[in-house]
Amino acid sequence: MKLSKFQAPKGVSEYFPPDSIQFEYVRDVLLQNAKLAGYSLIELPVFEDTEVFTRGVGESTDVVSKEMYTFEDRGGRSITLRPEGTAGVMRAVIEHNLDKGQLPVKLFYSGAFFRAERPQAGRYRQFYQVGIEAIGYNDPEIDVEVIAVADNAFKALGLKQYTLNITSLGDAKSRDAHRKDLVKFISTLKLDEATSERAKLNPLRLFDDKREEIRSSMQNAPVLLEYLSQDSSTHFGKVKALLESLKINYQVNPRMVRGLDYYTGTTFEFDHPLLGAQSGIGGGGRYDGLMGSLGGADVSGIGFGLGIDRVLMACKAESSLPSSIEPLDLFIAPITDDAKSVSFKLLSELRKSGIRCDMAYGDRGLKGAMKAADKSGAIYALVIGDDEISSGKCELKTMSTGQVISSTLNTSDLISKLGTTK
Ligand code: HAM
């Protein structure tokens, strides 16, 4: 009996060669830009105590109320697959007293995140993010540093068409003043039970409602930006001036509401117009009460999460990636048994010297071996047969141009040829 084949669970993103080479390239450029700004790796579990997210992210959010993968583990504990990174990072910072040392604590992470959303192009149930968090100071310079890390990374990927929306949710004083008027305004609207329950938990959520009737009834709602305290307004003014000083284009969008409840102060979203409905390629903001709500000290922080899947889609839409991201420097095509053992030894020595190389395995003729060289995506190909072995001479073929470079089969000669011609 033939067994039926398995399929990946619905709505997950998967990457395999050759596409995974582009995915890896995008992720590495995002990470590189975090490292350039002094962020260090934090590696965390993909599951946490459910309460880390219910308390951290907030009950009014779709993420907590509808999208979490929650289950009971064998010890009867409620566990949730991480739907986002920030709450888990804060849990670790508190648990390991990272905030008691030198501030700010600057951390980066990347990996899989899980949200039980309705799958569609660019929206997955398992997706990938690169994130950074800067914990310790409520400083406009840090806000702009975080935004600039994302902006530099997008530029390094060759993206041109993305937009940046920013706003400020102000300090507690600003939010209290706004909330009073917003709640009063919302009480004049006719809402169904679920929506008014949601509004009770976080009235800002109504700005984020996708339904046309709610959107239009919120047209005249008071916006937080008009309630900023003097301090918050000064802070936001500095953020805008610093963005301008770095020539980072932005739009102020006072109605922007992020999908997670922990935000305070500066918040931002990067969108890409060629991605359709799921246009958010990254977003973040300040979260001054989050550490406190998870049982830690009241330490301020700001960060972002960039969706690697969507950034890759944006790069493809703009054709911004390098035309070839070569996974290998050299592919060797041996055409006799003797050549196979010579090549095998050569590979091992070249790899020890940091040359990325591979060879054709199995019994292949010249044609088959060259086809494998072509498919490998290597920068150079090297055919080794009896003539090369007896003369000790060989030719490195540049795969993109067909240009040929003479070398000997001597390892250091090959290394220097590969090193200088790359
Ligand atoms: P977020 O806006 O929920 O923020 O997610 C960040 C990015 O992850 C989004 O802009 C999007 O590119 C990507 N993303 C989210 N959900 C999906 C999905 N279902 N499929 C594909 N991509 C998705 C956060 O997660 C915050 N933790 C960011 C942050 C860090 N704020 C402060 N620090």
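Residues numbered from 1 in each chain as written. Predicted model: local features only at pLDDT ≥ 70, side-chain atom pairs only at ≥ 80, totals over all residues. Heavy atoms only, no water.

Looking at an unreviewed UniProt entry, one finds the protein named histidine--tRNA ligase and attributed to freshwater metagenome. Note on the protein: under the UniProt heading Catalytic activity (unreviewed entry), the record states "tRNA(His) + L-histidine + ATP = L-histidyl-tRNA(His) + AMP + diphosphate + H(+)". Reading the Sequence similarities (unreviewed entry) entry of the UniProt record for the protein gives the comment "Belongs to the class-II aminoacyl-tRNA synthetase family." (UniProt positions renumbered as here; feature names shortened; annotations may be inferred.)

The next point concerns the sheet that holds strand β12 (residues 330-334). The mixed open sheet is built from 5 strands, whose spatial order is β13-β12-β14-β15-β16. Single-partner strands in this sheet number two, and they are β13 (357-359) and β16 (404-408). Each neighbouring strand pair of the sheet contributes to a mean axis angle of 25 degrees, computed without reference to strand direction. Alignment of β12 against strand β14 (residues 380-384), held across 5 bridges, turns out to be parallel. By the bridge assignment for β14, F331 is matched with A381. Along the sheet, helix α12 (residues 337-352) makes contact with β12, β13 and β14, crossing β13 at roughly 165 degrees. (Pairing = 2+ DSSP bridges. Helix = DSSP H or I, 4+ residues; strand = E, 2+ residues; numbered from the N terminus. Axes fitted to C-alpha atoms, helices over the stretch in contact; angles between N-to-C directions. Contact = heavy atoms within 4.5 Å.)

Lining the immediate environment of the ligand, one finds 27 residues, of which E84, E117, Y124, Y263 and G280 sit closest. One of the side-chain N or O atoms of E84 is found 2.7 Å from a nitrogen atom in the ligand. Note that an oxygen atom of the ligand is positioned 3.1 Å from one of the side-chain N or O atoms of Q129. At the level of secondary structure, the elements contributing two or more residues to the shell around the ligand comprise β6 (126-135), β10 (280-286) and β11 (301-307). (Near = heavy atom within 4 Å. Polar contact = N/O pair within 3.5 Å; in protein donor to acceptor, adjacent residues only side chain to side chain.)

As recorded in UniProt, the sites labelled "domain: Aminoacyl-transfer RNA synthetases class-II family profile" (unreviewed entry) are residues 26-334. The span residues 26-334 shows a helical share of 36% and a strand share of 22%, and its end C-alpha atoms are spaced 34 Å apart.

Our focus in this paragraph is helix α11 (residues 308-317). With 7 of 10 residues buried, α11 is to be regarded as a mostly interior element. Here α11 has its buried residues at I308, D309, R310, V311, L312, A314 and C315. Where the residues of α11 are buried, they touch α1 (19-36), β6, α5 (140-156), β10 and β11. In the stretch just after α11, S319 is the one whose phi turns positive, near 45 degrees. (Buried < 20%, exposed > 50% of the residue type's maximum accessible area, 1.4 Å probe, protein only.)

On to the environment of Q22, then. Here Q22 shows up in helix α1. For the pair Q22 and S324, spaced 302 residues apart in sequence, the C-alpha to C-alpha distance is 9.3 Å. Among all residues touching Q22, those that are not within four sequence positions of it are L312, K316, L321 and I325.

Further remarks concern the side chain of S168. Structurally, S168 is set in strand β7 (residues 163-168). Overall, S168 belongs to the buried group, its relative accessible area being 3%. A polar atom in the side chain of S168 sits 3.0 Å from the backbone nitrogen of G170. Discounting residues that sit within four places of it in the chain, S168 has contacts with L224, L225, L228, F236, G265 and T266.

Another aspect to go through is the environment of A92. Among the secondary structure elements, A92 is positioned in helix α4 (residues 86-95). Leaving out residues up to four positions away in the same chain, A92 has contacts with I42, L44 and L98.

Counting residues in each nonpolar core, the largest one holds 90 residues, and the members touching the most others are I135 and F154. Among the elements that make up this core, the one with the highest residue count is α5 (9 residues). Every residue in contact with F154, bar those within four places of it in the chain, is listed here: L30, L159, Y162, F270, I281, L306 and V311. Residues L330, I332, A339 and L382 belong to the second largest nonpolar core, which totals 19 residues. (Core = buried A, V, L, I, M, F, W, Y, C linked by side-chain atoms within 4.5 Å.)

A few words on a negative patch on the surface. Together, D337, D338, D363, D386 and D387 make up a region of like negative charge exposed at the surface. Of all the secondary structure elements, the ones that give two or more residues to the negative patch are α12 and α14 (386-391). Mapped onto the fold, D337 is located in helix α12. We classify D337 as exposed; its relative accessible area is 58%. (Patch = residues over 30% accessible without salt bridge, like charges linked within 9 Å, V, L, I, M, F, W, Y side chains within 5 Å. Areas by Shrake-Rupley, 256 points an atom, 1.4 Å probe, with all protein chains shown as cover. Salt bridge = Lys/Arg side-chain N within 4 Å of Asp/Glu carboxyl O. Lys, Arg positive; Asp, Glu negative; His and termini not counted. Charge placed at Lys NZ, Arg CZ, Asp CG, Glu CD.)

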